[in-house]
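Close look at the chain arrangement
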Amino acid sequence: MVAHLLSLKWRLLLNGFRRSPGQIVGMAIGGLYALGVVASLAGALVALRWADTETAQTAVVLGGAAALLGWAVVPLMASAADMTLDPSRFTTTAIPMRQMLIGLALAGFIGVPGLSTMVVALFTVATWWRSAPAVLGALLGAVLGVLSCVVLSKVITTATAGLAASRRFKDVSNIVVLVPLVLMGPLVAGVIKGVSGSTGYLPELARTVAWTPLGAPWSLGGDLASGDVAGASIKVLISLATLLVLFAAWNALLKRALVTPRYSGGSGKRGGKLGLFGLLPATPTGAVAARALSYWIRDPRYAAALIVVPLLPVIFLFQSGQSGSYSLLMILGPLAAFVLAWSIAADVSYDSTAFALHLATGVRGLHDRLGRALACLSFALPVVLIFAIGPFFLTGDWDWLPGILGLSLGVLFTGLGLSSIVSARYTSSVPLPGDSPFKKPPGNVAQTLAVQFGGMAVLFFLVLPELALVVLQSITEDPRWGWINLATGTVLGVVLFVAGVRLGGRWLDRRGPELFAQLSVNR
């Protein structure tokens, strides 16, 4: 039965190469990327063969602990992760629990993450190719460490199986994962700056982590290389005990998952409340705006932009603190305007097959475009105003306020108008409803990139008057150019907004069925 489970996982992996050419290309790119990462890490581990024992031990222990944490965290965040051989699919089978545990654990090595981790772990043997005991310790540590990674991920996925079936959990986890990703630059820079101030911090941290389940298996080679047999023996016991505890926890959770099916019923909410539909005007434009605002609040694919924008001041404040000047904060307004305005450039693609409702009800393209744009504008305008005005309380250079405000408003209104045209004319490869915001389905990737970058180039051309006035104020140092820019950005932006909504509405009326056909193909 163990061999049968492994053959099933292998067949599922091979079937991935029998899909569309776009999916094959995507898988090939992912495989090449993983191969590059594995080759880089393997080369670094080989190079550590000639480093001193403390440096090699620090790198291997902290790297192994990071890998173990990654295998624990990723299943929590990636709702679109590989769910082949999901335990819930074996609820009607009579596979003995021991064979199922062994088969699912070994199946975890069949795939890019499992193979990559195993190969990199085995290269720690090259790092400790200094004596026979060190080699044996590194090999044993690699086996125990990789097994701990796989079993820990199984424990996490089995424990959260019920939550993962919940739409609310998936939405929240998909949004929350964006926060550390957006702040990764400042976090890494802060850690590097703190570590650089203390040369002994990392070795001390590695020595501490080596006595925990995170680093114990990865420290065996280094301990035996330095002659610490007693320490290595204790850490073998720690690693084995950790692995046994993980298997016991997985066994208990798996038994419960097999006899307790996931709940997939309704939410039990009472009807009769219209929500945003009751607050906005009972017109086609108001109905579309209410629907779009509901998406902005509840759909993680839209909410991702709402999470990123508030983090922009954190990033720029960090950069300003590093440089000692707050002038960089002045681009917050135009940047936030661009991010929010361009976020609706693929709104029809986000509708997916639900776009059929617009066609079936006969909503005019003008009302559709205006409702979606006004929904975004309802919160984008206050945010842009705050981001454009707020930095000047720190810089104190109020002469630049009118010019930056004019540029920000010009980018916002012009971007919304252009996005209304783009989304009515082209479809993009976006995550399907209910999927993770990070899950990009294969398909028209080339067209998506061309539309995105081409649209950005057009937007840059349309806001050239506002940019030129900012440059003129910078050259002449005459604040009157800023007031001219405020009027220009507002008037020109509103004109282009109206023109974009009207043109996008006409294209939507003309190409509605073709758009729906493209959306159906992209599923």
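All of the points below concern the structure found in this document. (Residues numbered from 1 in each chain as written. Predicted model: local features only at pLDDT ≥ 70, side-chain atom pairs only at ≥ 80, totals over all residues. Heavy atoms only, no water.)

Turning to the overall build of the protein chain, a few remarks are in order. What the protein chain contains, in helices and strands, is 26 helices and zero strands. Residues classed as buried in the protein chain amount to 41% of the 523 residues present. In the protein chain, the proportion of contacts linking residues at least 24 apart, taken out of those at least 6 apart, comes to 79%. With the model as given, the accessible surface of the protein chain reaches about 26,200 Å², and the carbon-plus-sulfur share is 71%. (Helix = DSSP H or I, 4+ residues; strand = E, 2+ residues; numbered from the N terminus. Buried < 20%, exposed > 50% of the residue type's maximum accessible area, 1.4 Å probe, protein only. Contact = heavy atoms within 4.5 Å. Areas by Shrake-Rupley, 256 points an atom, 1.4 Å probe, with all protein chains shown as cover.)

Before going further, it helps to examine the packing of aromatic side chains. Two aromatic rings are characterised by how far apart their centres lie and by the angle between their planes. For the structure on display, the rule yields five aromatic pairs. Here W296 and F379 contribute two aromatic rings whose centre-to-centre distance is 4.9 Å and whose plane-to-plane angle is 70 degrees, an arrangement assigned as edge-to-face. With W296 in helix α16 (residues 284-298) and F379 in helix α21 (residues 365-389), this pair connects stretches of sequence that are 83 residues apart. Accessibility expressed as a relative area gives 3% for W296, which makes it buried. A relative accessible area of 18% places F379 in the buried class. Measuring from centroid to centroid gives 5.0 Å for F393 and W398, while their planes differ by 90 degrees, and the two rings are edge-to-face. (Phe/Tyr/Trp six-rings, centres within 6.5 Å; stacked < 30°, edge-to-face > 60°.)

Before going further, it helps to examine the pattern of salt bridges. If charged atoms from side chains of opposite charge come close, those side chains can pair. Tallied over the entire structure, the rule returns eight salt bridges. Between D223 and K235 there is a salt bridge, and its shortest N-O distance comes to 2.8 Å. Taken together, the positions of D223 in helix α13 (residues 220-225) and K235 in helix α14 (residues 229-259) put the pair 12 residues apart, joining distant regions of the chain. With relative accessibility at 7%, the residue D223 sits in the buried group. Across the salt bridge formed by R372 and D368, the nearest N and O atoms sit 3.0 Å from each other. (Salt bridge = Lys/Arg side-chain N within 4 Å of Asp/Glu carboxyl O.)

One finds C376, L412 and L416 to be the most contacted residues of the largest nonpolar core, which totals 48 residues. For this core, the secondary structure elements donating two or more residues are α16, α17 (300-323), α18 (332-342), α21, α23 (401-425), α24 (445-462) and α26 (480-522). No other element matches α23, which puts 11 residues into this core. Ignoring sequence-local partners within four residues, the contact set of L416 consists of A341, I344, A373, C376, L377 and F497. In this structure, A134, V155, L246 and L254 belong to the second largest nonpolar core, which totals 32 residues. (Core = buried A, V, L, I, M, F, W, Y, C linked by side-chain atoms within 4.5 Å.)

With 15 residues, α16 ought to run about 21 Å at 1.5 Å a step, and its terminal C-alpha atoms sit 21 Å apart, in line with that. For α16, every residue scored as buried is listed here: T285, G286, V288, A289, A290, R291, A292, L293 and W296. (Expected span 1.5 Å × (residues − 1).)

This part covers the packing of helix α5 (residues 112-122) against helix α7 (residues 132-159). At their nearest, the axes of α5 and α7 sit 9 Å apart, and the two run at 160 degrees to each other. Here α5 is positioned roughly antiparallel relative to α7, judged by the angle of their axes. In this structure, the crossing between α5 and α7 has a hand that is right-handed. Counting all contacts with α5, which are made through T117, M118, A121 and L122, the residues of α7 involved are L139, A142 and V146. A per-class count over the contact of α5 with α7 returns six nonpolar, one polar and no charged. (Axes fitted to C-alpha atoms, helices over the stretch in contact; angles between N-to-C directions. Parallel < 35°, antiparallel > 145°, perpendicular 65-115°, else oblique. Left-handed = near helix turned anticlockwise from the far one by under 90°. Nonpolar A, V, L, I, M, F, W, Y, C, P; charged D, E, K, R; others polar.)

Time to look at the environment of S327. Within the secondary structure, S327 sits in the loop between α17 and α18. Separated by 11 residues in sequence, S327 and F316 place their C-alpha atoms 9.8 Å apart.

The subject of this paragraph is a nonpolar patch on the surface. A cluster of nonpolar side chains, namely Y33, V37 and L41, defines an oily patch on the protein surface of about 310 Å² accessible area. For L41, the location among the structural elements is in helix α2 (residues 21-47). (Patch = residues over 30% accessible without salt bridge, like charges linked within 9 Å, V, L, I, M, F, W, Y side chains within 5 Å.)

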